[in-house]
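Structural overview for review
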Amino acid sequence: MKSQSSKKLLTLTAILSLAAMTLTGCGSAEAASDLAEFEVSEITEEVIEEESVALAAEAETSEAAEAIQYFKKGVYVNYAKDAEDPAKNYFYVFNGDDWGRTEEGSNGAGIPFDCVQEDGQVRFSFGSVDVLEDVLVVTGVEDRNVYGYYDDDMKLELVFEYLPDADPDTFNAINYVSDGDYIYENQNGWSIKYDPNLFDITQDGNKVAIVYNGEGVGTNMIMVTYDVDKSAKEARDAFVQEYGENATTSEGVFPGTEEIHGYWASCPPAETGSGLYMEAVTRDYMEGYLSFEVIGHKSGNEELDMEVSDRLAGIIDSLTFLSF
């Protein structure tokens, strides 16, 4: 797109050219040529000067805009600058340059925020209903680390340390600080705790496979399914049919709840063969059903089999649900 100065230059050049043509028609070709050459030269210098000033102003504005982007998309751990051996378990997760959430590593709690980054300060708006506004006065930036203090406590200088290994789109504060179990949260409102060194979790559509990769024989896993084509009891009956004549059924309180009814189907390992055993528990859930099916293999080594069984049971026992 041409600048206004460039358009001005083209327009004036065209006018002068027409003037020159008019003078030429009147028998004054040499005078017209001299006039046109003088005027175009003078106007060109003026326009070039205007264009240079405009470009310089545009560059200065661009540099200023870049200079006030203290925070960019990423994860920052927040702590007091003068603290000795800070815990580093409170995080600002910027999903964009001007919005995100906070998260605590101890319990995952946090609040959403929006922010406006200005010259020398960042204005935060915390919360979605009762909004709390705070102004961070920026005292320095180094290697994407931001330093400053909130204007209501000038004595407490803070560090916002950038974490290059943390992805804001998948960040989980509890998992980041954990030296043991991780938390897996499913979009359908349930979560479990697991040891990432012993389990691999993959999702395919409405199914989640929680596969034990520790010592054992055969496949040892939990398959979680959410669907709306059956009720919980109908889903349990389908497992019974699949398991065959050795299947048994029972009912009780579903794991991770206090009063939700659950339906069990169990198939013990055969006396001969691969040692395959299966157990499924289902519950009614969001206009459909949710099932957790344990698929395991007995090795004949009692100690090893007990370890695998306890690990799988631990996953089920850690089950929790969001309140809708």
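Throughout what follows, the structure given in this document is the object of discussion.

Examining the pattern of salt bridges
Counting across every chain of the model gives 10 salt bridges. In this structure, the salt-bridge partner of K81 is E157, at a minimum N-O distance of 4.0 Å. Remark: E157 occurs in the loop between β7 (145–150) and β8 (158–162) and K81 occurs in the loop between β1 (74–80) and β2 (90–96); sequence separation between them is 76 residues. Judged by relative accessible area, E157 falls into the partly exposed class, the value being 24%. Measuring nitrogen to oxygen at the nearest pair gives 3.5 Å for the salt bridge that ties D237 to K233. Of this pair, D237 and K233 are both found in helix α4 (residues 232–243), four residues apart, which corresponds to roughly one turn of the helix. Taking the relative accessible area as the measure of exposure, D237 reaches 34% and is therefore partly exposed. It is possible to trace a salt-bridge network through shared partners that takes in K233, R236, D237 and E251.

Let's talk about the pairing of strand β10 (residues 190–194)
Burial analysis of β10 places four of its five residues in the buried class, the great majority of the element. In this sheet, β10 lies alongside strand β9 (residues 182–185) in antiparallel orientation, the contact comprising four bridges. Residue pairing in the sheet places E185 in a bridge with S191 of β10. Hairpin geometry of β9 and β10 is characterised by an intervening segment of four residues between the two adjacent antiparallel strands and by a positive phi of about 100° at G189. Of the pairings in the sheet, the one linking β10 to strand β18 (residues 320–321) comprises two bridges and is antiparallel in character. Among the inter-strand pairings, W190 is bridged to a residue of β18, identified as F321.

Digging into the packing of aromatic side chains
Scanning the model with the defined rule gives 29 aromatic pairs in all. Following the ring pairs from residue to residue traces out a cluster consisting of F71, Y76, Y90, Y92, F94, F113, F124, F126, Y150, F160 and Y162. Seen from the ring of F254, R283 lies directly overhead, with NZ or CZ sitting 5.8 Å from the centre. It is K298 that lies over the ring of Y277; its NZ or CZ is 5.0 Å from the centre.

A look at the pairing of strand β5 (residues 121–126)
The two faces of β5 differ: V122, F124 and F126 on one face are buried, but Q121, R123 and S125 on the other face are not. Alignment of strand β4 (residues 112–118) against β5, held across six bridges, turns out to be antiparallel. Residue Q117 lies in a different strand from β5, and its bridge partner there is V122. Judged from the six bridges that link them, β5 and strand β6 (residues 132–142) form a sheet pairing that is antiparallel. By the bridge assignment, S125 is partnered in β6 with E133.

Brief notes about the sheet that holds strand β12 (residues 207–212)
If you walk across this open sheet you meet the seven strands as β11-β12-β13-β17-β16-β15-β14, and the pairing is antiparallel. Of all the strands in the sheet, the pair left with one neighbour each is β11 (199–204) and β14 (248–253). Between one strand axis and the next, the sheet turns by 15° as a mean value, whatever way the strands run. Sheet analysis places β11 next to β12, joined by six bridges and oriented antiparallel. What sits directly across from I201, in β12, is I210.

Some points on the side chain of R283
Mapped onto the fold, R283 is located in strand β16 (residues 276–285). One buried charged residue, R283, remains without a salt bridge, the closest side chain of opposite sign being D284 at 7.6 Å. Beyond its immediate stretch of four places on either side in the chain, R283 contacts A232, F254, T257, I260, H261, G288, Y289, L290 and F321.

A few points about the sheet that holds β10
A sheet is described by the order of its strands in space; here three strands give the open sequence β9-β10-β18, paired in antiparallel fashion. The open sheet has two free edges, formed respectively by β9 and β18, since each of these has just one partner strand.

Cut-offs and rules
- Each chain has its residues counted from 1, following the order in which its sequence is written.
- For a predicted model such as this one, the threshold for reporting local features is a pLDDT of at least 70, and the threshold for listing and counting side-chain atom pairs is 80 or more; totals across whole chains, interfaces and linings nevertheless cover every residue.
- Only hydrogens and water are removed before side-chain values are computed, so all heavy atoms of the structure are retained for them.
- By definition, a salt bridge exists where a carboxyl oxygen of Asp or Glu is found within 4 Å of a side-chain nitrogen of Lys or Arg.
- By definition, any uninterrupted DSSP run of H or I lasting at least four residues is a helix, any uninterrupted run of E lasting at least two residues is a strand, and each is numbered from the N terminus.
- Only protein chains enter the calculation, and the probe is 1.4 Å; a residue is then buried if its accessible area is under 20% of its type maximum, exposed if over 50%, and partly exposed in between.
- Any two strands are treated as partners once DSSP identifies two or more bridges connecting them.
- Only Phe, Tyr and Trp rings are paired, with Trp represented by its six-membered ring, and only when their centres lie within 6.5 Å; those with planes under 30 degrees apart are stacked, over 60 edge-to-face, the remainder tilted.
- In this scheme, the term charge over a ring applies when either NZ of a lysine or CZ of an arginine sits within 6 Å of the ring centre and within 35 degrees of the ring normal.
- Convention adopted: a line fitted to C-alpha atoms gives each axis, helices being fitted over their contacting stretch, and angles between N-to-C directions are expressed from 0 to 180 degrees.
- Only four residue types enter the charge count: Lys and Arg as positive, Asp and Glu as negative, with His and the chain ends excluded.
- Contacts: residue pairs with any heavy atoms within 4.5 Å of one another.

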